[in-house]
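Structural overview
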Amino acid sequence: MTLPDMALEHAILVSLSERSGSGYELARRFEKSIGLFWSASHQQIYRVLKRMVREGWVAADVVAQDGRPDKKVYTVSAPGRAELRRWLAEPSPAAGPQELAVKLRGASFGDAGAVAAEITRHRDAHAAQLELYRRIEKRDFPGPDRLRGRSLHQYLVLRGGIRVEEGQVEWLEEIRAALHADERDDR
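Residues numbered from 1 in each chain as written. Predicted model: local features only at pLDDT ≥ 70, side-chain atom pairs only at ≥ 80, totals over all residues. Heavy atoms only, no water.

What follows deals with the domain arrangement of the protein. Per the domain assignment, the segments of the protein are domain 1 (4–92) and domain 2 (112–186). Measuring from the centre of the C-alpha atoms in domain 1 to the corresponding centre in domain 2 gives 33 Å. Listed by partner, the interface residues are 4 residues for domain 1 and 5 residues for domain 2. Overall, the association of domain 1 and domain 2 removes approximately 310 Å² of surface from exposure, summing both partners, and the carbon and sulfur fraction of that is 52%. When the buried surface of domain 1 facing domain 2 is broken down by residue, Leu88, Pro91 and Ser92 rank first, second and third, together holding 80% of it. Put simply, domain 1 and domain 2 have 0 salt bridges between them. Counting the contacts that link domain 1 with domain 2 gives 2 residue pairs in polar contact (both at pLDDT 80 or more). Residue composition of the side of domain 1 that touches domain 2, grouped by class: 3 nonpolar, 1 polar and no charged. (Domains from an automatic or database assignment. Contact = heavy atoms within 4.5 Å. Buried area = accessible area lost by both parts, 1.4 Å probe. Salt bridge = Lys/Arg side-chain N within 4 Å of Asp/Glu carboxyl O. Polar contact = N/O pair within 3.5 Å; in protein donor to acceptor, adjacent residues only side chain to side chain. Nonpolar A, V, L, I, M, F, W, Y, C, P; charged D, E, K, R; others polar.)

Spatially, 1-3-2 is the arrangement adopted by the 3 strands of the open sheet, whose pairing is antiparallel. Edge positions in the sheet fall to strand 1 (21–22) and strand 2 (58–65), since each of these pairs with one other strand and no more. Sheet topology note: the strand 1/strand 3 (residues 68–76) ladder contains 2 bridges and is antiparallel. In the sheet register, Gly21 faces strand 3, and the bridge partner there is Tyr74. Against the sheet, helix 1 (residues 8–18) contacts strand 1, strand 2 and strand 3, and its axis sits at roughly 100 degrees relative to strand 3. Contacts from helix 3 (residues 42–55) reach strand 2 and strand 3, with the element oriented near 115 degrees to strand 2. (Pairing = 2+ DSSP bridges. Helix = DSSP H or I, 4+ residues; strand = E, 2+ residues; numbered from the N terminus. Axes fitted to C-alpha atoms, helices over the stretch in contact; angles between N-to-C directions.)

The structure is reproduced here in structure tokens:
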């Protein structure tokens, strides 16, 4: 089963690649770390884990516990590692910040260079959108302090778009600089 876009499966593959765990442990990790940029309920995680076991992406080992029900500890299988590598290397033109964050977190489990190239592509796309918004601002709203009513509202929406794009460009530039420094350190 290959999924063309970001799915909970990929976030789970990244998390389990970092450390095997039970469904409960995985849900706790989502709440504390991955959940900062990708959220999933306990029910969603368990449902997806069952599907991933059926697909062969993860294996579940049953661990006996004293005085408590047995628990399943999930690990990423070879097909799961292959799917993660495929997804990490695949360009995602429509990826949002959540998907990029999951790809970045998982970069060491695949082609880190492909993830870095994806970050650059997204930075360039956001920079182009920012430039377009700034041209519109300059052309359509040369005196923003004089705006009222509908024109003011339109301007404020445009300013929101500018702020979002500025934030994305800044974040992606920070990532690029850190990855470049990390690459230099590895030499």
